[in-house]
Amino acid sequence: MAAAAAENQGPAAGGPRGAAEAEADGMMGLTDLPGELLELILCCDVLGAADIGRVSCTCRRLREACQPRGKVWRERFRLRWPSLLKYYSHTDSVSWLEEYKARHNAGLEARRIVASFSKRFFSEHVPCDGFSDIETLGCPSHFFEDELMCILNMEGRKGLTWKYYAKKILYFLRQQNILKNLKEYLQRPTDQQSFLEGAVLIDQYCNPLSDICLKSVQAQVDDITDKVRKVLRTKNPRHPSLASKAGEVLIPEVELQRQVLDAMNCVLYEQLKYKGNELDYYNSLNSYIHQVLIRRTGIPISLSVLYLTIARQLGVKLEPVNFPSHFLLRWCQGKEGSTDIFDYTYIDAFGKGKQLTVKECEYLIGHHVTEEFYGVVTSKEVLQRMVGNLLNLGKRESTDQSYQLLRDSLDLYLAMYPDNVQHLMLQARLYFHLGIWPEKVLDILQHIQALDPSQHGAVGYLVQHTLEHIERRKEEVGPEVKHRSDEKHKEVCFSIGLIMKHKRYGYNCVIYGWDPACMMGHEWIRNMNVHSLPHGPHQPFYNVLVEDGSCRYAAQENLEYNSEPREIPHPDIGRYFSEFTGIHYLANTELEIRYPEDLELTRATVQKIYSSGKE
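In this text the structure is predicted, and so the values were computed from the model without any measurement. (Residues numbered from 1 in each chain as written. Predicted model: local features only at pLDDT ≥ 70, side-chain atom pairs only at ≥ 80, totals over all residues. Heavy atoms only, no water.)

A.B. asks: Account for the overall build of the protein, with residues named and values stated.
C.D. replies: Across its full length, the protein holds 25 helices and 13 strands. Here the C-alpha coordinates of the protein stretch approximately 90 × 85 × 60 Å along the principal axes. By the burial criterion, 48% of the 615 residues in the protein qualify as buried. Of the accessible surface of the protein, which amounts to about 31,700 Å², a share of 51% is contributed by carbon and sulfur atoms. Distance between charge centroids for the protein: 3 Å, based on 72 positive and 80 negative side chains. (Helix = DSSP H or I, 4+ residues; strand = E, 2+ residues; numbered from the N terminus. Buried < 20%, exposed > 50% of the residue type's maximum accessible area, 1.4 Å probe, protein only. Areas by Shrake-Rupley, 256 points an atom, 1.4 Å probe, with all protein chains shown as cover. Lys, Arg positive; Asp, Glu negative; His and termini not counted. Charge placed at Lys NZ, Arg CZ, Asp CG, Glu CD.)

Okay, here's the thing in structure tokens:
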């Protein structure tokens, strides 16, 4: 529209002929305007990049006004992609025209790749092979990411499949960058490895789509530290922790350290109401430092990292103790660096900062432990325990079919300990179970065999079946197509995209697949007690996405139309559907290929069930 408007203005756009006519009429032309005013006009948001390109071709004056490194192209870049300006400094000499072109081309490439994912990876829960395309991008990664964010931020209930794959790709890209930052962190000298930064890196890797950064987390910790100083000031106005450079120098006097810890306990546990999450201990949110700050609750290790960081900023040196079953901190009461465990007081950040003796530590876990468990651990060992907690939680997952938390925590653990045979084997088995990355599975197994030849039995079994999987994949033909008009499908009553309700369990769901009869094995049929149903396994069964994030296989007699259809908040909704109409879902291209006659029935059903209801 802007381009057409510029073209319709003809000579008035500022060409030589327009200027001459304007002068003859006694009027000022565009090129006669002062430079600043001309730039202001050209920076108007109604003009597009194509308009600026055409204007710059009319005469030398306008070409100079629209120079690649000038204000006009910078403003054009800012108006189109405002979030990208943070990557540039005011002192940088930037060709904004070239940056505009690069960002535009990155957008085209991002959309091309996202569009290809559904066709290429519809049958795979995790489109691992597609990520190789992204690793060889010919454009800056932040341009590519920005386009993915534009896709994710599209308004409305359309573009669900685009958003689904854009999210997968963005997840992968950000994790690769975070993993690189973690490896750089681990290569630093131990005294330069901040416990807080390590916790943030773990948090970022497991939540790559969340807006988590060290600067923001540190600012929140600083805010708590300032509150502690205010309390400390009322108790001891001359306390050294109140000095502007507090934290750079440790406080030697034990009594002054005690005052700091008392003030910390007052602020954290009395004022801000931080507490150990005893009621929901095994929630993964307890391990993420940004969630600990938001929810003001956590597990012993996450609360200890917060407690230790605040104490050190106030000049008190606390050290992490990898105590079994319950992470603790220790505070030296004797000679600095003492190896006598009785020279330390132990602090339970989970238990409101309670200070414990050695004997009380044993009471805490209910059994005696040797002196080695009271020793200080490194930042890497702290991260190892944090990741270990997430690993254990990942193994407990039941609703997430992709085992995302387990995969993420394995990645983190192997980034720290790449030759750990136990976790390498777990990763290989997990990928094998999910049927993803078979080529990578072979690489992992080869690495395991080189590290520990005694694993040849398990390795050989997995190698054989992985190779068979690769061969089967090569032999795969097109997708199975189910026509409702087939005689064998005449008993199928419901169709793809309908919002249903389970009669027995009451959950809301959407249908994304169906079979004319139960296609599960005998063991599943027995375990789910299918034979107790009036029609048993000899009735249509439906694949459904449930509102709690699970995927289920439901018998036709157990489903009914939902009287109040609404969106189903399932992470895989975009894998199968392109749009939510407000009453039902529209299958995407790949799902429609597999059920080509369902859309017509879905629309007819919706018209019959919901329109008649309104009347």
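More follows now that the structure is in view.
A.B. asks: With reference to specific residues and values, describe the sheet that holds strand E9 (residues 541-546).
C.D. replies: Taken in spatial order, the five strands of this open sheet run E10-E9-E8-E7-E11, and their pairing is antiparallel. Each having just a single partner strand, strand E10 (551-555) and strand E11 (559-561) make up the two edges of the open sheet. Direction aside, the axes of adjacent strands within the sheet are offset by 50° on average. Relative to strand E8 (residues 508-515), strand E7 (residues 499-502) runs antiparallel, the two being bridged by three bridges. Each residue of the ladder has a partner; that of Met-500, found in E8, is Cys-509. (Pairing = 2+ DSSP bridges. Axes fitted to C-alpha atoms, helices over the stretch in contact; angles between N-to-C directions.)

A.B. asks: Describe a nonpolar patch on the surface, listing the residues and the values that go with them.
C.D. replies: Residues Leu-37, Leu-40 and Ile-41 make up a contiguous nonpolar surface patch of roughly 260 Å² in combined accessible area. Its place among the elements puts Ile-41 in helix H3 (residues 35-42). (Patch = residues over 30% accessible without salt bridge, like charges linked within 9 Å, V, L, I, M, F, W, Y side chains within 5 Å. Salt bridge = Lys/Arg side-chain N within 4 Å of Asp/Glu carboxyl O.)

A.B. asks: Could you give me a rundown of the sheet that holds strand E6 (residues 354-356), with the residues and numbers involved?
C.D. replies: Within a sheet, neighbouring strands are paired by backbone hydrogen bonds and run either parallel or antiparallel to one another. Spatial ordering of the open sheet is given by E3-E4-E5-E6, a layout of four strands whose pairing is antiparallel. Both outer strands of the open sheet, strand E3 (318-321) and E6, are each paired with one neighbouring strand and no more. Adjacent strand axes in the sheet meet at a mean angle of 35° when their direction is disregarded. With three bridges connecting them, strand E5 (residues 344-348) and E6 associate as antiparallel partners. Within E6, the residue paired with Tyr-346 across the bridge is Leu-356. Its contacts with the sheet put helix H16 (residues 358-365) on strand E4 (328-332), E5 and E6, and the angle it makes with E6 is roughly 110°. (Contact = heavy atoms within 4.5 Å.)

A.B. asks: Got a sec to walk through the packing of helix H6 (residues 71-80) against helix H7 (residues 96-121)? Specific residues and values, please.
C.D. replies: To characterise two packed helices, one gives the angle between the axes of the helices and the distance between these axes. Running from N to C, H6 and H7 point in directions that differ by 30°, and their axes come no closer than 8 Å. Here H6 lies roughly parallel to H7, going by the angle between them. Two packed elements cross with a definite hand, and for H6 against H7 that hand is left-handed. Between H6, through Trp-73, Arg-74, Arg-76, Phe-77 and Arg-80, and H7, the contact on the second element is made entirely by Trp-96, Leu-97, Glu-99, Tyr-100 and Arg-103. Looking at the contact of H6 with H7, its residues break down into five nonpolar, no polar and five charged. (Parallel < 35°, antiparallel > 145°, perpendicular 65-115°, else oblique. Left-handed = near helix turned anticlockwise from the far one by under 90°. Nonpolar A, V, L, I, M, F, W, Y, C, P; charged D, E, K, R; others polar.)

A.B. asks: Go over the state of the cysteines with me, naming the residues and quoting the values.
C.D. replies: The full count for this structure, using the stated rule, is zero disulfides. Here Cys-57 stays free of any disulfide, with the sulfur of Cys-66 as its closest cysteine sulfur at 9.3 Å. Judged by relative accessible area, which is 66%, Cys-57 ranks as exposed. (Disulfide = S-S within 2.5 Å.)

A.B. asks: Which residues make up the pattern of salt bridges, and what are the values?
C.D. replies: Throughout the structure, instances matching the rule amount to 23 salt bridges. As a salt-bridge pair, Arg-111 and Glu-147 come within 2.6 Å of each other at their nearest N and O atoms. You can see Arg-111 sitting in helix H7 and its partner Glu-147 sitting in helix H9 (residues 141-152), a full 36 residues away along the chain. Between Arg-157 and Glu-567 there is a salt bridge; the shortest N-O distance is 3.3 Å. With Arg-157 in the loop between H9 and helix H10 (160-187) and Glu-567 in the loop between E11 and helix H23 (573-576), this residue pair connects regions lying 410 residues apart in the sequence.

A.B. asks: Account for the UniProt feature "domain: Hemimethylated DNA-binding" (unreviewed entry) in the protein, naming residues and giving values.
C.D. replies: With numbering aligned to this structure, UniProt lists the feature "domain: Hemimethylated DNA-binding" (unreviewed entry) at residues 491-588. Helix makes up 10% of residues 491-588 and strand 34%, whereas the separation of the span's terminal C-alpha atoms amounts to 24 Å. (UniProt positions renumbered as here; feature names shortened; annotations may be inferred.)

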